[in-house]
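Structure at a glance
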Protein chains: 2
Amino acid sequence: MPELAEPLARLIAEFKRLPGIGQKSAQRMAFYVLRVQRDDAERLSQAILDVKDKLGLCGRCNNITDGELCSYCSDPNRDDRIICVVEEPHNIIGIETARNFNGRYHVLHGALSPLRGLGPESLKLKGLVERIGQGDAQEVIVATNPTVEGEATAVYLARLLKPLGVRVTRIAMGIPVGSDREFADEVTLSKAMEGRREM
Amino acid sequence: MPELAEPLARLIAEFKRLPGIGQKSAQRMAFYVLRVQRDDAERLSQAILDVKDKLGLCGRCNNITDGELCSYCSDPNRDDRIICVVEEPHNIIGIETARNFNGRYHVLHGALSPLRGLGPESLKLKGLVERIGQGDAQEVIVATNPTVEGEATAVYLARLLKPLGVRVTRIAMGIPVGSDREFADEVTLSKAMEGRREM
């Protein structure tokens, strides 16, 4: 193995811990940091710490925020009648990018996983039940992941929330738009058949 | 666009400056930093600063080092008679990984580029000439990149160093091992023909 100076080898090792970053990418990134101005490196270094120090969870929906409430909860133009439930804060990005949802969010910070011993007590559910109790919400869209854990969580939420007098819906599963049907797996295709609509 | 909390948006923007990192990778990395322990984030943050603060150039070959001399210059088991010249410090990694070179290095920190106004004065050449003047070196292998700039630099080095009584060689250019010859471009193929050897 090439013998790199300790600080450089250490930075490469640290970059490699990031998701999707292998040895070569980590090397390129570390040598890039070595070349840039100290100011630029300092900004990156500080941004990493700021994310840990200046962010907390929204008091209403548990999304990431640097204030009391997140931008979606504090926006007066969003619809209080629909709450979209997601597993993690980054799941919100995808939904916002799609641009056709204008309700509120609720972040569970996890999903049910009996195999890993994660029961309802590991999810941030309390705030959701309270919000529904306050009466504005008419529909809860469960947008947990299309995995065993996400499905189990969806079923659990439906049983928990329906008695509170709210409509509980699940996002559609089917063949992805723009893909070739040949490549869809059996489960996806079977879900797509089940969820077919009149044209 | 999704409205992210400022520190998170800023970290994503900083990660996007790194080579090979796009919007999605930067998002994944930033949300990963958000999830890890503060200690882990601190180690990454500190490693970035340390690379700027604790590293300098080797007094002999201009490689990156945290000491006076780099590990290759201070290794008593390497051969003083051969010096391999590269453009950038990271070019050494590839050569070391190949494991069949055991001489010394010299890093130019650039290449000649008349188009961008980079002449010989922009390269770290002085130390190289001095080292050859000291008499140990018998061969200089020019391992600059196979680009117009790297080639121009190689030609310049040959003219500069041969009069000092040293052998100057250039690494071979040809078809990459393991690739399909069909995909080699014309210039590479023409170089491969030129450099053919008796079997």
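From a predicted model like this one, the values you see are computed outputs, not experimental measurements.

Conventions we followed
Residues numbered from 1 in each chain as written. Chains lettered and ligands numbered in written order. Predicted model: local features only at pLDDT ≥ 70, side-chain atom pairs only at ≥ 80, totals over all residues. Heavy atoms only, no water. Core = buried A, V, L, I, M, F, W, Y, C linked by side-chain atoms within 4.5 Å. Buried < 20%, exposed > 50% of the residue type's maximum accessible area, 1.4 Å probe, protein only. Helix = DSSP H or I, 4+ residues; strand = E, 2+ residues; numbered from the N terminus. Contact = heavy atoms within 4.5 Å. pLDDT = per-residue confidence, 0-100. Expected span 1.5 Å × (residues − 1). Phe/Tyr/Trp six-rings, centres within 6.5 Å; stacked < 30°, edge-to-face > 60°. Pairing = 2+ DSSP bridges. Axes fitted to C-alpha atoms, helices over the stretch in contact; angles between N-to-C directions. Salt bridge = Lys/Arg side-chain N within 4 Å of Asp/Glu carboxyl O. Least-squares fit on C-alpha atoms with pLDDT ≥ 70 in both. Buried area = accessible area lost by both parts, 1.4 Å probe.

**Some remarks on the nonpolar core**
Counting residues in hydrophobic clusters, the biggest one holds 44 residues, and the most contacted among them are Phe15 of chain A together with Phe15 of chain B. Looking at this core, the elements with two or more residues in it are α1 (6–16), α2 (23–35) and α3 (38–53) of chain A together with α1 (6–16), α2 (23–35) and α3 (38–53) of chain B. In contact with Phe15 of chain B, not counting residues within four places along its chain, are Leu18, Leu44 and Ile48 of chain A together with Ile21, Ala26, Met29, Ala30 and Val33 of chain B.

**Here's the deal with the confidence of the model for chain A**
Of all residues in chain A, 98% have pLDDT values of 70 or greater, and the mean over the chain is 91. With pTM at 0.82, the complex prediction returns an ipTM value of 0.83.

**Remarks on α3 of chain B**
Helix length check: α3 of chain B (16 residues) gives 22 Å between terminal C-alpha atoms against 22 Å at 1.5 Å per residue, within 8%. Along α3 of chain B, the residues classified as buried are Ala41, Leu44, Ser45, Ala47, Ile48, Leu49, Asp50, Val51 and Lys52 of chain B. In this structure, the buried side of α3 of chain B is in contact with α1, α2 and α3 of chain A together with α2 of chain B.

**Digging into the packing of aromatic side chains**
With the rule as written, the count across this model stands at four aromatic pairs over all chains. Ring centres of Tyr72 of chain B and Tyr105 of chain B lie 5.3 Å apart, and the angle between their planes is 65 degrees; on these two criteria the pair is classed as edge-to-face. In this pair, Tyr72 of chain B is assigned in the loop between β2 (64–65) and β3 (79–86) and Tyr105 of chain B in strand β4 (residues 103–107), connecting sequence segments 33 residues apart. With respect to class, Tyr72 of chain B is no different from Tyr105 of chain B; both count as buried. Aromatic rings pair up to connect Tyr72, Phe101 and Tyr105 of chain A into one cluster.

**Let's talk about the sheet that holds β4 of chain B**
All names here are of chain B. Reading across from one edge, β4-β3-β5-β6 is the order of the four strands in this open sheet, with parallel pairing throughout. What marks the edges here is a single partner per strand, and that holds for β4 and β6 (167–170). Each adjacent strand pair in this sheet contributes to an overall mean axis angle of 25 degrees, direction not counted. Pairing analysis gives four bridges linking β3 to strand β5 (residues 139–142), with the strands arranged parallel. By the bridge assignment for β5, Val85 is matched with Val142. Strand contacts of helix α5 (residues 126–133): β3, β4 and β5, with the helix running at about 150 degrees to β4, the strand carrying the most contacts.

**Let's talk about the pattern of salt bridges**
For the coordinates displayed, the defined rule picks out 28 salt bridges over all chains. The partner of Arg38 of chain A in a salt bridge is Asp53 of chain B, and the shortest N-O contact between them spans 2.6 Å. A residue pair is termed interchain when its members come from two chains, as with Arg38 of chain A in helix α3 and Asp53 of chain B in helix α3. Judged by relative accessible area, which is 32%, Arg38 of chain A ranks as partly exposed. Since its relative accessible area comes to 45%, Asp53 of chain B is described here as partly exposed. In this structure, Asp40 of chain A and Arg43 of chain A form a salt bridge, with 3.0 Å as the shortest nitrogen-oxygen distance. Residue Asp40 of chain A and its partner Arg43 of chain A are both found in helix α3; the two are separated by three residues, about one turn of the helix. Take Asp40 of chain A: its relative accessible area is 26%, and that puts it in the partly exposed class. Using a relative accessible area of 35% as the deciding quantity, one classes Arg43 of chain A as partly exposed.

**A look at the relation of the copies chain A and chain B**
Screw-axis analysis of chain A against chain B gives a translation of 0.0 Å along the axis, an RMSD of 0.0 Å, and a rotation angle of 180 degrees. On this basis, the relationship between the two copies can be described by a two-fold rotation axis. Nearest to the rotation axis, the C-alpha of Ser45 of chain A is located 2.2 Å from it, this being the minimum over chain A. A high fraction, 100%, of the interface residues of chain A reappear at the interface in chain B, so the copies pair face to face through one surface.

**Remarks on the interface of chain A and chain B**
At the interface, 54 residues of chain A touch 54 residues of chain B. Both sides of the chain A and chain B interface together cover about 5200 Å² of buried area, and 66% of this is carbon and sulfur. Run the count over chain A and chain B and you get six salt bridges. Close ionic contact of Glu14 of chain A with Arg43 of chain B constitutes a salt bridge, the shortest N to O distance being 3.0 Å.

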